[in-house]
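Residue-level listing of the chains:
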Amino acid sequence: MHRTDTTASTVLWISAHPEPSSLNGSLRRDGVEHLCRLGYTVVESDLYAMGWDPVVRAPDGGHVAGDEPGVFRVSIDTRDAYISGTQPAEIVDEQAKLRRADAVVVQFPLWWYGMPAILKGWFDRVFVSGFAFGSDPATGRRLRFEQGPFVGKRALVVTTLGDRPHAIGPRGKSGELHELLFGLLHGTFAYTGMSVLSPWALPSADRITDYERARDDLRRRLDGLFTDEPIPYRPQFTGDYTPEWELAPHVRPGEHGVRVHIED
């Protein structure tokens with residue numbers, strides 16, 4: 001979906017850095033201000049400022065202190081809590097933000113080649129079965145990838161990392177960026193139906209001497225939030241995959257790795 005009219009378009013900006021005056025904090029403020037100047041409505045979830053609890057606990061599944069103890073079945077109970085309206089208020093609030101959003105910007109420093117724990121915990125608690133994936137109870141339709149509940153929403157990762165630029169290139173020691181982030185880009189965003197944009201990354205972040213150049217580059221990427229072509233991940237239900245979710249033998253035979261899940 002390409003939007004050229006920004007009226008009534010909402011962007012949810014989720015950020016995960018503990019220091020507001022950091023490079024990440026500055027990029028967040030400038031990025032949000034730029035989107036607002038473009039005419040978007042921006043809703044923020046600054047996880048550290050919110051004091052977000054990243055840990056999935058029994059109350060997420062509707063278990064109330066004082067009730068008779070039982071086994072906390074994480075997937076089943078959190079789904080039941082979503083359906084019955086018994087989730088904690090902070091989860092309901094985040095799901096409402098996501099439901100309103102036409103695009104999601106997820107910003108974080110790359111720590112140990114992954115998201116900070118507080119952000120991973122946001123996905124763990126918010127993207128529960130019934131809301132972000134699962135199946136339609138009326139039709140049995142699988143809610144994932146091109147049939148996911150978030151079809152029509154766009155997703156952009158904004159990340160900073162300490163590696164030098166070529167270290168995250170195709171032959172870099174740290175691996176290629178799309179492959180490093182495959183779990184988030186494909187396994188979370190695409191899985192739930194979102195159109196996933198190529199991530200924006202700022203390498204050598206600890207040695208930045210020209211902030212304005214980095215800021216302006218991020219602004220240019222934000223300009224294309226609704227017009228840039230998404231990563232062409234393969235749809236699941238159109239013949240490229242077997243019923244066991246394996247790439248069919250006739251598709252790129254003899255090849256393997258995460259890149260085979262991107263259409264030629």
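Thresholds applied
Residues numbered from 1 in each chain as written. Predicted model: local features only at pLDDT ≥ 70, side-chain atom pairs only at ≥ 80, totals over all residues. Heavy atoms only, no water. Buried < 20%, exposed > 50% of the residue type's maximum accessible area, 1.4 Å probe, protein only. Helix = DSSP H or I, 4+ residues; strand = E, 2+ residues; numbered from the N terminus. Pairing = 2+ DSSP bridges. Domains from an automatic or database assignment. Contact = heavy atoms within 4.5 Å. Buried area = accessible area lost by both parts, 1.4 Å probe. Salt bridge = Lys/Arg side-chain N within 4 Å of Asp/Glu carboxyl O. Polar contact = N/O pair within 3.5 Å; in protein donor to acceptor, adjacent residues only side chain to side chain. Nonpolar A, V, L, I, M, F, W, Y, C, P; charged D, E, K, R; others polar. 1 Å grid on protein atoms, 1.4 Å probe; cavity = no way out; pocket = protein on both sides within 12 Å on 5 of 7 lines; lining within 4 Å. Points joined across faces, edges and corners; volume = space filled by probe spheres on them. Phe/Tyr/Trp six-rings, centres within 6.5 Å; stacked < 30°, edge-to-face > 60°. Lys NZ or Arg CZ within 6 Å of the ring centre and 35° of its normal.

- Going by an unreviewed UniProt entry, the chain carries the name NADPH-quinone reductase (Modulator of drug activity B) and comes from Kytococcus sedentarius.

Quick notes on the pairing of strand β6 (residues 154-160)
Alright, step 1. Within β6, 7 of the 7 residues are buried, which leaves it mostly tucked inside the rest of the structure.
Alright, step 2. Side chains Arg-154, Leu-156, Val-158 and Thr-160 project from β6 onto one buried face, and the interleaved Ala-155, Val-157 and Thr-159 project onto a second face that is buried too.
Alright, step 3. With 7 bridges connecting them, strand β3 (residues 103-109) and β6 associate as parallel partners. Of the residues in β6, the one forming a bridge with Gln-107 is Val-158.
Alright, step 4. Pairing of β6 with strand β7 (residues 195-196), which is carried by 2 bridges, proceeds in the parallel orientation. Paired with Arg-154 across the strands is Ser-195, a residue of β7.

Topic: the pairing of strand β2 (residues 41-46)
Alright, step 1. Bridging between strand β1 (residues 10-15) and β2 involves 6 bridges; their strand directions are parallel. Each residue of the ladder has a partner; that of Ser-15, found in β2, is Asp-46.

A few points about the domain arrangement of the chain
Alright, step 1. Domain parsing of the chain yields domain 1 (10-231) and domain 2 (234-263).
Alright, step 2. Counting residues at the interface gives 10 residues for domain 1 and 9 residues for domain 2.
Alright, step 3. Carbon and sulfur atoms supply 65% of the area that domain 1 and domain 2 bury against each other, a total of about 890 Å² over both sides.
Alright, step 4. Our count for the domain 1 to domain 2 interface comes out at 1 salt bridge.
Alright, step 5. The salt bridge partner of Arg-259 is Glu-179, with a shortest N-O separation of 2.7 Å.
Alright, step 6. Summed over the shared surface of domain 1 and domain 2, the result is 3 residue pairs in polar contact (both at pLDDT 80 or more).
Alright, step 7. Looking at side-chain class alone, the side of domain 1 that touches domain 2 contains 4 nonpolar, 2 polar and 4 charged residues.

So, the layout of surface pockets
Alright, step 1. Considered as a void within the structure, the largest pocket measures approximately 290 Å³ in volume.
Alright, step 2. When residues of the lining of the largest pocket are assigned to their parent elements, the largest contribution, 4 residues, is made by helix α7 (residues 182-190).
Alright, step 3. Classifying every residue of the lining of the largest pocket by side-chain character gives 11 nonpolar, 5 polar and 2 charged.

Let's talk about unusual backbone geometry
Alright, step 1. A positive phi angle, close to 65°, is found at Tyr-113, a residue other than glycine.
Alright, step 2. Position of Tyr-113 relative to the elements: it lies in the loop between β3 and α5 (117-126).
Alright, step 3. Its identity is not glycine, yet Trp-245 carries a phi of approximately 70°, on the positive side.
Alright, step 4. Note on placement: Trp-245 falls in the segment after α8 (211-223).
Alright, step 5. Judged by relative accessible area, which is 41%, Trp-245 ranks as partly exposed.

Section: the packing of aromatic side chains
Alright, step 1. The tally for this structure, following the rule as stated, stands at 12 aromatic pairs.
Alright, step 2. Taking the centre distance of 6.4 Å and the plane angle of 80° together, the rings of Phe-182 and Tyr-233 count as edge-to-face. Note that Phe-182 is positioned in helix α7 and Tyr-233 in the segment after α8, a separation of 51 residues in sequence.
Alright, step 3. Residue Tyr-233 is classed as buried on the basis of its relative accessible area, which comes to 12%.
Alright, step 4. Among the aromatic residues, ring-to-ring pairing joins Tyr-82, Trp-122, Phe-123, Phe-127, Phe-131, Phe-150 and Phe-189 into one connected group.
Alright, step 5. The side chain of Arg-125 reaches across the aromatic face of Trp-52, ending 4.9 Å from its centre.

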